[in-house]
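This is what each chain is made of:
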Amino acid sequence: MSQVFKALSDPTRRRVLQLLRKGPLSAGEISDQFDVSKPTMSAHFAVLKEADLVHAEKAGKSVIYHLKLSVLEEALLGFVDSFGLGAKAPEPGKESAQ
């Protein structure tokens, strides 16, 4: 889960994920949306792949990226559960039996 949050900590990577929500895109199509060098974008793609948030597939000379939304959902649910944020609060005046 820490790799997912590392990936999500950067605004460029979050924007890449937002772009991929609309469907698969090539590395070039994604890179064209940012004013950074290709090596910098490659580093961002590597972090996203390491976190298993995207899947890369070769198509000729291009690399096509796909969002793996299920991994993101699992990480966010795990985060919520780790803080007990998904648990229902006890009703006032009713305490759980121990």
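Each remark here, short or long, concerns the structure printed above.
Residues numbered from 1 in each chain as written. Predicted model: local features only at pLDDT ≥ 70, side-chain atom pairs only at ≥ 80, totals over all residues. Heavy atoms only, no water.

**Here's the deal with the sheet that holds strand S1 (residues 25–26)**
Part 1 of the argument: Reading across from one edge, S1-S3-S2 is the order of the three strands in this open sheet, with antiparallel pairing throughout. Strands with a single pairing partner mark the edges of an open sheet, and in this sheet they are S1 and strand S2 (54–59).
Part 2 of the argument: With two bridges joining them, S1 and strand S3 (residues 62–67) adopt antiparallel strand pairing. Looking across to S3, one finds that Leu25 is bridged to Tyr65.
Part 3 of the argument: Helix H2 (residues 11–20) contacts S1, S2 and S3 of the sheet and is inclined by roughly 85° relative to S3. (Pairing = 2+ DSSP bridges. Helix = DSSP H or I, 4+ residues; strand = E, 2+ residues; numbered from the N terminus. Contact = heavy atoms within 4.5 Å. Axes fitted to C-alpha atoms, helices over the stretch in contact; angles between N-to-C directions.)

**Looking at the nonpolar core**
Part 1 of the argument: Val4, Val16, Ile30 and Leu53 are the most contacted members of the largest nonpolar core, which totals 22 residues.
Part 2 of the argument: Listing elements by their share of this core, those giving two or more residues are helix H1 (2–8), H2, helix H3 (27–31), helix H4 (38–50), S3 and helix H5 (69–82).
Part 3 of the argument: Setting aside chain neighbours within four positions, we find Val4 in contact with Ala51, Leu53, Val71, Leu72 and Ala75. (Core = buried A, V, L, I, M, F, W, Y, C linked by side-chain atoms within 4.5 Å. Buried < 20%, exposed > 50% of the residue type's maximum accessible area, 1.4 Å probe, protein only.)

**Considerations on the side chain of Ser31**
Part 1 of the argument: Note on placement: Ser31 falls in helix H3.
Part 2 of the argument: When its relative accessible area of 14% is taken as the criterion, Ser31 is described as buried.
Part 3 of the argument: Setting aside chain neighbours within four positions, we find Ser31 in contact with Met41 and Phe45.

**Focus on the packing of aromatic side chains**
Part 1 of the argument: Here the structure, examined in full by the defined rule, presents one aromatic pair.
Part 2 of the argument: With a centroid separation of 4.4 Å and 20° between ring planes, the pair formed by Phe45 and Tyr65 is classed as stacked. On the criterion of sequence distance, the pair formed by Phe45 in helix H4 and Tyr65 in strand S3 is long-range, its members being 20 residues apart. (Phe/Tyr/Trp six-rings, centres within 6.5 Å; stacked < 30°, edge-to-face > 60°.)

**Side note on H2**
Part 1 of the argument: For H2, the set of buried residues is Thr12, Arg13, Val16, Leu17, Leu19 and Leu20. Viewed along the axis of H2, the buried residues span an arc of 160°, placing them on a single side of the element.
Part 2 of the argument: Taken together, the buried residues of H2 touch H1, S1, H3, H4, S2 and S3.
Part 3 of the argument: One side-chain oxygen at the N-terminal end of H2 lies 2.8 Å from the backbone nitrogen of Thr12; it belongs to Asp10. (Arc of directions from axis to C-beta. Polar contact = N/O pair within 3.5 Å; in protein donor to acceptor, adjacent residues only side chain to side chain.)

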